[in-house]
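# Examination of the molecular architecture
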Amino acid sequence: MTRHLLSALALVVSLSAFTGVARADITIYRDGSRWAVIEDDGDVYVNGSRAGQIEDDGDVYVNGSRAGQVEPDGDIYRDGSRIGQIESDGDLYVNGSRVGQIENDGDIYRNGSRWGQAQSCCISASAYQRVAAVLLMFSSGF
């Protein structure tokens, strides 16, 4: 019995470790329509067209040029200057002021109003960071 329990526990731990590493495409909806997709390889599509990429090291490219960086601690940089931060609870700050939140169910709020929804999001800090990078680097309305 103990042997089976240990085997089952090892399987659960293995699967948990795997799901922590694996990423899925994140789809961001705005006004009920698909606005952006962050593919699991980091490619970013906005309104159906490839707009850039978020690399594993946090570098953000817009239209082929390096536009910024998302640091592991959640700091977000554009053109070398810190413009914001995404906290582990999803709170999003720009220039020191809280401007929105990405909730763990994927709902996105801007200044207290629901702005959109991110599907397949918010299971890890890196998912929050990728969504925040798209909101701040690829959307003129956020």
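None of the values given here were measured: they were computed from a predicted structure.

Below, the discussion takes up the pattern of salt bridges. Taken as a whole, this structure holds six salt bridges when the rule is applied. The closest approach of N and O atoms between Asp 59 and Arg 66, which form a salt bridge, is 3.0 Å.

According to the stated counting rule, one finds two aromatic pairs in the structure shown. Judged by centre distance (5.6 Å) and plane angle (85°), the ring pair of Trp 35 and Trp 115 falls under edge-to-face. Here Trp 35 is found in strand E2 (residues 33–38), whereas its partner Trp 115 is found in strand E12 (residues 113–119), with 80 residues between them in sequence. Of the two residues, Trp 35 and Trp 115, both sit in the buried class. On the numbers, 5.2 Å between centres and 85° between planes, the contact of Trp 115 with Phe 142 is edge-to-face. Of this pair, Trp 115 sits in strand E12 while Phe 142 sits in the segment after helix H2 (125–138), and the two are 27 residues apart along the sequence. Phe 142 matches Trp 115 in its accessibility class, with the two residues each being buried. Taken together through their ring pairs, the aromatic side chains of Trp 35, Trp 115 and Phe 142 make up a single cluster. Above the plane of the ring of Phe 142 lies Arg 110, whose end atom (NZ or CZ) is 5.2 Å from the centre.

As a further point, take the state of the cysteines. Scanning all chains against the criterion turns up one disulfide. The disulfide bridge from Cys 121 ends at Cys 122, spanning 2.3 Å between sulfur atoms. Measuring handedness by torsion sign, the sulfur bridge of Cys 121 and Cys 122 sits at about 75° and is right-handed. Classification of Cys 122 as buried rests on a relative accessible area of 10%.

Next up on the list: the layout of surface pockets. In this structure, the largest pocket occupies an estimated 200 Å³ of space. Glu 55, Asp 56, Gly 58, Ser 126 and Gln 129 are the residues nearest the centre of the largest pocket, which is lined by eleven residues in total. Sorting elements by how many residues they give to the lining of the largest pocket places H2 first, with three residues.

Glancing now at the sheet that holds strand E3 (residues 43–46). Paired through backbone hydrogen bonds, the strands of a sheet run either parallel or antiparallel to each other. Here twelve strands make up a closed barrel; going around it, the order is E1-E2-E3-E4-E5-E6-E7-E8-E9-E10-E11-E12 and the pairing antiparallel. Neighbour to neighbour, the strand axes of the sheet diverge by 25° on average, direction disregarded. Pairing between strand E1 (residues 26–30) and E12: four bridges, direction antiparallel. For Ile 28, the partnering residue across the bridge sits in E12 and is Ala 118.

The rules behind these values
- Per chain, residues are indexed from 1 in the order of the written sequence.
- In keeping with the model being predicted, local features are shown solely for residues with a pLDDT of at least 70 and side-chain atom pairs are shown and tallied solely at 80 or more, while totals for entire chains, interfaces and linings include all residues.
- In computing side-chain properties, one takes all heavy atoms of the structure into account and sets aside hydrogens as well as water.
- For salt bridges, the criterion is a side-chain nitrogen of Lys or Arg within 4 Å of an Asp or Glu carboxyl oxygen.
- Working definition: rings of Phe, Tyr and Trp (its six-membered ring) pair if their centres are within 6.5 Å, and the pair is stacked with planes under 30 degrees apart, edge-to-face with planes over 60 apart, and tilted otherwise.
- In this text, helices come from DSSP runs of H or I with a minimum length of four residues, and strands from runs of E with a minimum of two, each type numbered from the N-terminal end.
- Whether a residue is buried, partly exposed or exposed follows from its accessible area with a 1.4 Å probe, protein chains only, as a fraction of its type maximum: under 20%, in between, or over 50%, in that order.
- In this analysis the charged atom, NZ for Lys or CZ for Arg, is taken to sit over a ring once it is within 6 Å of the ring centre and within 35 degrees of the ring normal.
- Cysteine sulfur atoms that come within 2.5 Å of each other are treated as a disulfide pair.
- Of the grid points, spaced at 1 Å and generated over the protein atoms alone, those admitting a 1.4 Å probe that cannot get out make up cavities, while open sets with protein on both sides within 12 Å along at least five of seven lines make up pockets; any residue with an atom within 4 Å of a point is treated as lining.
- Grid points are joined across faces, edges and corners, and a volume is the space filled by probe spheres set on the points.
- Think of it this way: DSSP has to see at least two bridges between two strands before they count as a pair.
- Here an angle of 0 to 180 degrees is reported between the N-to-C directions of two axes, which are lines fitted to C-alpha atoms, with helices fitted over the stretch in contact.

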